[in-house]
Amino acid sequence: MTALLKLDRVSVRFGGLAAVTDVTMAFSPGSLTGLIGPNGAGKTTLLNAISGFTAITSGHIAMNEIDLSPLSAAERARLGVVRGFQTVRLLERETVFDNVLVGCERLPQPGLLGQLLALPPERRCRARDLAATETTLRDLGLLPIAHRRVDELPFASRRLTEIARLLVVRPTVLLLDEPAAGLDTRDRRALVESIRTYHEAGGLTTIIIEHDIELVRRLCPYSVALDMGRIIASGSPNEVLSEPAVQQAYFGVRSGA
Amino acid sequence: MRLVPDLAVPHRPFQRAAGRRHGALFSAVALTAAWLAIPVLLGQYEVFIAAQVMIYAVATLGLDIVYGRAGQLSLAHASFFGLGAYTAALSGPLGIPLWVQPELVVLLAIAGGIIVAVPTLRLSGLRLALVTLLFGELFDWAIDHSLALTGGSQGMTVAPMTIGPFNSQGTVDAYLLASIIALGATLLTRQLARSQLGRRMLAVRDSELASASLGVPIVHTKITAFILSAVFAGAAGWVYAYVVGFVSPTTFNLFASVYFLVAVILGGAGRITGAWLGSAYIVLVPEVFNLVGYPNLFPVLGGGVLIAIALFLPGGLVEGAALIRAQLGLHRR
Ligand SMILES: Nc1ncnc2c1ncn2[C@@H]1O[C@H](COP(=O)(O)OP(=O)(O)OP(=O)(O)O)[C@@H](O)[C@H]1O
Ligand SMILES: [Mg+2]
């Protein structure tokens, strides 16, 4: 199958620091890839490079043969490349419902006057957005707290609200940065189930950064390990974890030498 | 699935809408009654002050769009108010017909909004405030230095707007005119809050990173917010000049911009009721100090009130009222 998203010798440098070096990867449509590696390995930087939040120093990133480099983060999002953040960022004083509704930004919206005067196109779009939001909230089990303000909710609900906001309009590429961090075991399991369900519905290509190796094992058929900005292993999670280089990066175990 | 917290109080989100509708109906009836009562029961002077509260509410709603919702601090807001006011004032001597003036005010406000917005797109916080301040000072300077036309710091009188029996400087007429734009501005802001554009603004205010990740066009959103806020202020200023019959630069200087900011923060940023409460505060309280003979005490009290709000009620009066309702067990959540 031809790749949906292609990284070709991508490097990102911050001054003298090589955060990502010569990373070449291809993601086929519908794939679900776990990105692992120790702290400071360059995982977030790679996600930033794909989503347009960090400029790459050299190399190419393309989706469906479209070069992403000249596009801003917002333009990539409108092409369907969306991402979550390591720390949850929400509209703090608004409800869960309104936070997810913002995600409908990626659907076509009427112009200024249409919106301000509530002309018929605006009313149609609003009905469409409300319906999409309600469906997503139901799918993710957020409906009971839809009208609570997010700043008074526990972390797990906030994290899930953020993910709902990314999913309310089906993304082409979904990038998640440690979505399970700070969740307890039950919440993690629920999160894995939600992501799996959305994935099985089809059409979604996901890259997920995760420190919880067990979660990657359960969720991702394929994984890539990064250390010091370079790919050190790729394959099924079990294969990757048994690689000596990965063992060494994680546990400092020296094999052989 | 249990990502949802165990809730102490059961929530029935979609039933709350019905309760809200009753509340809204009650508020509408109460507000209409108050609106009718003011010109019937109060004297000319009080009705005139009420008209000013409504005019300032329009301008405050405008600042609330750019600052309260989109999070862009502007210290040029009173200048847009002045832009509208001087359009009305100069229309007489320049012979600009009445029907052209609203369009002119809107066009000038759009142009002004863009001029202020563009250089500020790369700035935020204090530096943004300083650049907008510069634009405000520039406006003051322009008025002061076109003496022949504007009367400079002496100000100038404005002939009333007359359409048949209507005279904008008559008490009830002024009250009506102010009511019309106040209602229009309030309805527009309410629709803005319901629209994607309004949510975009909140997103830009809360996190530009997250906004970009959702596909929100940040630059476009900020410019739109500046333009809308300028149009609201311009319209308010235009009506202000016709109602009050006199304009001078002090009404539109930096202090005036700061008072608009106080109105937004005091009432509660991003809340329509907040803008109204804030406007009532900046119009009525100085008036009370005038009446008791200590006009200079208002800025002192104003500073104190602002500090108290910042420390104890960051959400402003609207949030404070919600807290009190919750304390009394009247909350609808
Ligand atoms: N904006 C930046 N400017 C300078 N250095 C940066 C910047 N962003 C990241 N770095 C550095 O790049 C390296 C890779 O960081 P990155 O955040 O990508 O790691 P990570 O794999 O996501 O780590 P973690 O698991 O801790 O989140 C680190 O050494 C980090 O300090
Ligand atoms: Mg990281």
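Calculation notes
Residues numbered from 1 in each chain as written. Chains lettered and ligands numbered in written order. Predicted model: local features only at pLDDT ≥ 70, side-chain atom pairs only at ≥ 80, totals over all residues. Heavy atoms only, no water. Helix = DSSP H or I, 4+ residues; strand = E, 2+ residues; numbered from the N terminus. Buried < 20%, exposed > 50% of the residue type's maximum accessible area, 1.4 Å probe, protein only. Contact = heavy atoms within 4.5 Å. Areas by Shrake-Rupley, 256 points an atom, 1.4 Å probe, with all protein chains shown as cover. Lys, Arg positive; Asp, Glu negative; His and termini not counted. Charge placed at Lys NZ, Arg CZ, Asp CG, Glu CD. pLDDT = per-residue confidence, 0-100. Pairing = 2+ DSSP bridges. Axes fitted to C-alpha atoms, helices over the stretch in contact; angles between N-to-C directions. Donors = N, O, S within 2.8 Å, 3.2 Å for Na, K, Ca; no water. Buried area = accessible area lost by both parts, 1.4 Å probe. Salt bridge = Lys/Arg side-chain N within 4 Å of Asp/Glu carboxyl O. Nonpolar A, V, L, I, M, F, W, Y, C, P; charged D, E, K, R; others polar.

Enquirer: Would you explain the overall build of chain B in this entry?
Expert: Helices and strands together make up the secondary structure of chain B, namely 14 helices and four strands. Burial status across chain B gives 47% buried among its 333 residues. Sequence separation of at least 24 residues holds for 76% of the intrachain contacts in chain B that already meet a minimum separation of 6. Counting only carbon and sulfur atoms, one obtains 71% of the accessible surface of chain B, whose full area is about 15900 Å². For chain B, the centre of its 18 positive side-chain charges and the centre of its 12 negative side-chain charges are spaced 19 Å apart.

Enquirer: Honestly, the confidence of the model for chain A in this entry has me stumped. Any pointers?
Expert: Detailed reading of the predicted coordinates is not advisable wherever pLDDT falls low. Per-residue pLDDT for chain A has a mean of 91; in total, 98% of the residues score no lower than 70. Of all secondary-structure elements in chain A, the lowest mean pLDDT belongs to helix 10 (residues 244-251) of chain A, at 82, while helix 1 (residues 43-51) of chain A reaches the highest, 96.

Enquirer: I would appreciate a short explanation of the sheet that holds strand 10 (residues 230-235) of chain A in the present structure.
Expert: Each strand in a sheet pairs with its neighbour through backbone hydrogen bonds, running either in the same direction (parallel) or in the opposite one (antiparallel). Residues and elements named next belong to chain A. Overall, mixed pairing links the six strands, which are arranged 6-7-8-3-9-10 in an open sheet. In this open sheet, the two strands that pair with only one neighbour each are strand 6 (81-83) and strand 10. Taken pair by pair, the neighbouring strands of this sheet meet at an average axis angle of 20 degrees, ignoring direction. Of the strand pairs in this sheet, strand 9 (residues 222-227) and strand 10 are connected by five bridges, and their pairing is antiparallel. Paired with L226 across the strands is I231, a residue of strand 10. Seen against the sheet, helix 1 touches strand 3 (32-36), strand 6, strand 7 (173-177), strand 8 (205-209) and strand 9 and runs at an angle of roughly 150 degrees to strand 7.

Enquirer: What is the right way to read the coordination of the magnesium ion (ligand 2) from this model?
Expert: Ideal values for angles at a metal depend on the geometry: 109.5 degrees with four tetrahedral donors, 90 or 180 degrees with six octahedral donors. Around the magnesium ion (ligand 2), the protein contributes the donor atoms T44(A) (OG1) and Q86(A) (OE1), at 1.9 to 2.6 Å from the metal centre. On the criterion of sequence distance, the pair formed by T44(A) in helix 1 and Q86(A) in the loop between strand 6 and helix 3 (96-102) is long-range, its members being 42 residues apart.

Enquirer: Which parts of the structure should I look at to understand the interface of chain A and chain B?
Expert: Buried accessible area, meaning the area lost when the parts come together, often serves as the stated size of an interface. Tallying the contact residues gives 53 residues for chain A and 38 residues for chain B. Across the chain A/chain B interface, buried area totals approximately 4100 Å², and carbon plus sulfur atoms make up 59% of it. Linking chain A with chain B are one salt bridge, by the criterion used here. Across the salt bridge formed by R200(B) and E105(A), the nearest N and O atoms sit 2.8 Å from each other. Counting only elements with at least two residues in the side of chain A that touches chain B, the list comes to helix 2 (73-78), strand 6, helix 3, helix 4 (112-116), helix 5 (120-139), helix 6 (155-167) and helix 7 (185-200) of chain A. For the side of chain A that touches chain B, the class distribution of residues is 26 nonpolar, seven polar and 20 charged.

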